Structures are given as C-alpha cells and as structure tokens.
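Here is how the chains run, residue by residue.
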Amino acid sequence: MIELQNVSVRYPNGVDALRGVNVTINPGEFVFLVGPTGSGKSTFLKLLYREERPSGGAVYVAGRNVATLRPGQIPLFRRHIGVVFQDFRLLPYKNAWENVAFALQVTGAPRKVIHQRVPEILSMVGLTAKARCLPEQLSGGEQQRVCIARALVNAPPLLVADEPTGNLDPATSLEIFQLLDAIHREGTTVVVATHDAAMVDRLQKRVLTFQNGLITRDDHVGGYDQEQVDLFGASGAAAGVPVAEAAACG
Ligand code: ADP
C-alpha cells in the first residue's frame, strides 16, 4: 500500500523535514505517527496524498510512484486517499449532506449514486439526523465526523488523518478514534498523526515515532512512549459511535 525508500524532503527554505525515511505500510494496517512538533509527521502524510514531493528517494502509494505523477493524474490518484485535517475544512455554506455530496460530484458521480451513497456514509458516521445542518450548527466532533464521511465517500483504500482530534475534547476524541478504528476494521488502511498519547496507548496499534525527520521507533503493537500505560484506562469498555439523534436543522 505504502512504501518509502530513503525518502528526504527539503523545503525551499532549506529545512530538512525528512532525512532518509524507509518504511512499508501494508494494506489493512492502522498506523499512528507520533513525535514532537516539527519532527516530520505532516510532511510524511503530505507525501502520501501528493501535496509534497520527495527531494530524494521514492514514495509508492497504491502502486504509484508519487514523484512521477503528472499534474493531470493527481486528481484521479487522490481518489484513492481520503484526507482528514485537524481544522475540518468544511465548506461553510453547504450543509453536512452537501459537503459529503460535493466530494462525489467533483468526480462526476451520477445523481443516483450520490443519493444512495451520501445517506449511507452519513449513517455510518452517526450523522443521519444532522444531515441538513451547516457546519456552524454542528459541534466540533460532529464537524469532524462530516469530514471523515467526506473523506470516505469515494471508498478510498487509504485514509490519512493529520491531528484529527487536535481541536476536540477527550470524550469527543475518543468517539473519533473509535470511528477510525471501525473504518479500519472494515478494511481501510488508516494512517493517523497525533499527539493524543492516551488514544495511542488505548488503541494499541502500530506506532511510528518521528524525531528530527527520521523514524526512530517502529512498534508493531505499541503505546505513545516506550513504556506501556494501563491498556484500557480506568474507563473500561469502549463507548459506541453515537447513533442518530433527533432530526435537526430542518
Ligand atoms: P510535524 O507534523 O511533526 O509537526 P512537519 O512535517 O509539519 O512536522 O514539519 C517538519 C519540519 O519542516 C519543521 O521544521 C517545519 O517547520 C518544516 N516545514 C513544514 N512545512 C514547511 C513548509 N511548507 N516550508 C518550509 N518548512 C516547512
């Protein structure tokens, strides 16, 4: 699914964001990227969806060498990758349904497909009742669930998320991580950069630690730090993803 061979990224200002990274992520894996701010996690993710290109080495995603993609090939390539950001980036004048539908419309999907797929995916993220709400009428966690629905509506095999819970409180963060875990269990490869140590410790997935542009730790079932923390915390059982609430927003 993902292979980086001796990858470096030097930004035009001379900063070496990645310095010889080698890693393979297989289809169906769930991988956390952790490490201090500025260690290269976002740059790593940007390589995957071809927002940045490597200065050296090779990056393969879904069978494609991303450095050799021509500009005209990038939109089609990106349909293989759903991307979720910390700051949501929803269209403010479109409601939840329209934000999700828009990601299908730009691919030229027929109306019939859009009307079938959007309700399915909104239901999956527990937002059926909020379909007509504008982003400003939704909580942070609900907005992030719209973003996840939008990222998944084209059924990409790979979902990448950059600090998806950076703006959310711990309880809402837990819902979002549980949703990402459920998506992973359905077969999607998931790569998440996060500072949320409690979630990394709780979910016990593969963890890549970045430091100063290098991957310095690759634990196949790990916690945020070297030392393991109480696996499931004091709160015990996992809370479910919220199901539909009362209809809202007309
Ligand atoms: P992280 O996601 O771990 O915080 P980043 O990949 O964002 O790390 O940043 C890695 C390094 O590259 C940092 O020193 C950062 O300041 C620098 N950097 C990131 N983006 C750019 C850019 N567009 N131009 C110049 N330097 C950048």
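All of the points below concern the structure found in this document. As the structure is a prediction and not an experimental result, all values here were calculated from the model.

What counts and how
- Residues numbered from 1 in each chain as written.
- Predicted model: local features only at pLDDT ≥ 70, side-chain atom pairs only at ≥ 80, totals over all residues.
- Heavy atoms only, no water.
- Helix = DSSP H or I, 4+ residues; strand = E, 2+ residues; numbered from the N terminus.
- Rg over C-alpha atoms; globule rule 2.2 N^0.38 Å.
- Buried < 20%, exposed > 50% of the residue type's maximum accessible area, 1.4 Å probe, protein only.
- Contact = heavy atoms within 4.5 Å.
- Areas by Shrake-Rupley, 256 points an atom, 1.4 Å probe, with all protein chains shown as cover.
- Lys, Arg positive; Asp, Glu negative; His and termini not counted.
- Charge placed at Lys NZ, Arg CZ, Asp CG, Glu CD.
- Pairing = 2+ DSSP bridges.
- Core = buried A, V, L, I, M, F, W, Y, C linked by side-chain atoms within 4.5 Å.
- Axes fitted to C-alpha atoms, helices over the stretch in contact; angles between N-to-C directions.
- Patch = residues over 30% accessible without salt bridge, like charges linked within 9 Å, V, L, I, M, F, W, Y side chains within 5 Å.
- Salt bridge = Lys/Arg side-chain N within 4 Å of Asp/Glu carboxyl O.

## Things to note about the overall build of the protein
Here is step 1 of the chain: A count of helical and extended segments in the protein gives 7 helices and 10 strands.
Here is step 2 of the chain: In terms of C-alpha radius of gyration, the protein reaches 18 Å, essentially the compact-globule figure of 18 Å for 250 residues.
Here is step 3 of the chain: Considering the protein as a whole, with its 250 residues, one finds that 50% of them fall into the buried category.
Here is step 4 of the chain: Of the contacts formed within the protein by residues at least 6 apart in sequence, a portion of 70% connects residues at least 24 apart.
Here is step 5 of the chain: When the accessible surface of the protein is summed, it comes to about 11,700 Å², and 52% of that surface belongs to carbon and sulfur atoms.
Here is step 6 of the chain: Separation between the mean location of the 24 positive side-chain charges and that of the 24 negative ones in the protein comes to 11 Å.

## So, the sheet that holds strand S2 (residues 16-25)
Here is step 1 of the chain: Pairing is antiparallel across the open sheet formed by 4 strands, whose spatial order is S2-S1-S4-S5. The sheet terminates laterally at S2 and strand S5 (64-65), the two strands that pair on one side only.

## Let's talk about the pairing of S2
Here is step 1 of the chain: The pairing of strand S1 (residues 2-10) with S2 spans 7 bridges and is classified as antiparallel. Bridged to Val 7 within S2 is Val 21.
Here is step 2 of the chain: Counted between consecutive antiparallel strands, the loop separating S1 from S2 contains 5 residues, among which Gly 14 sits at a positive phi close to 95°.

## Some remarks on the nonpolar core
Here is step 1 of the chain: Counting 45 residues, the largest nonpolar core has Phe 32, Ile 148 and Leu 180 as its most contacted members.
Here is step 2 of the chain: Among the secondary structure elements, those contributing two or more residues to this core are strand S3 (30-34), helix H3 (96-105), helix H4 (111-124), helix H5 (140-152), strand S7 (158-162), helix H6 (170-185), strand S8 (189-193) and helix H7 (197-203).
Here is step 3 of the chain: Residues contacting Leu 180, with those up to four places away along its chain left out, are Phe 30, Ile 148, Leu 159, Pro 164, Val 190 and Val 192.
Here is step 4 of the chain: In terms of nonpolar packing, the next biggest core, distinct from the first, is built from 31 residues, Ile 2, Leu 47, Val 61 and Leu 158 among them.

## Focus on the pairing of S3
Each regular strand carries side chains that alternate between the two faces of the sheet.
Here is step 1 of the chain: Where burial is concerned, most of S3 is hidden: 5 out of the 5 residues are buried.
Here is step 2 of the chain: Looking at chain direction, S3 and S8 are connected through 4 bridges and run parallel. Its bridge partner lying in S8, Phe 32 is registered against Val 192.
Here is step 3 of the chain: For S3 and strand S9 (residues 206-211), the ladder comprises 4 bridges, and the chain directions are parallel. Paired with Phe 32 across the strands is Val 207, a residue of S9.

## Details of unusual backbone geometry
Working note: non-glycine residues mostly have negative phi, and peptide bonds are mostly trans.
Here is step 1 of the chain: For Ala 62, which is not glycine, the phi torsion reads 50° and is therefore positive.
Here is step 2 of the chain: Mapped onto the elements of the fold, Ala 62 is located in the loop between strand S4 (56-61) and S5.

## Details of the sheet that holds S7
Here is step 1 of the chain: Read across the open sheet, the 6 strands follow the order S6-S7-S8-S3-S9-S10; overall the sheet is mixed. Sheet topology places strand S6 (81-85) and strand S10 (214-219) at the edges, where each strand pairs with a single neighbour. Pairwise comparison of adjacent strand axes, ignoring direction, gives a mean angle of 15° for this sheet.
Here is step 2 of the chain: Alignment of S6 against S7, held across 5 bridges, turns out to be parallel.

## What about the environment of Gly 140?
Here is step 1 of the chain: By the secondary structure assignment, Gly 140 is in helix H5.
Here is step 2 of the chain: For the pair formed by Gly 140 and Arg 202, sequence separation is 62 residues and the distance between their alpha carbons is 22 Å.
Here is step 3 of the chain: Contacts of Gly 140, omitting those with residues within four sequence positions, involve Phe 88 and Leu 168.

## Regarding a nonpolar patch on the surface
Here is step 1 of the chain: Residues Leu 91, Phe 102 and Val 106 make up a contiguous nonpolar surface patch of roughly 240 Å² in combined accessible area.
Here is step 2 of the chain: Inspection of the secondary structure assignment puts Val 106 in the loop between H3 and H4.

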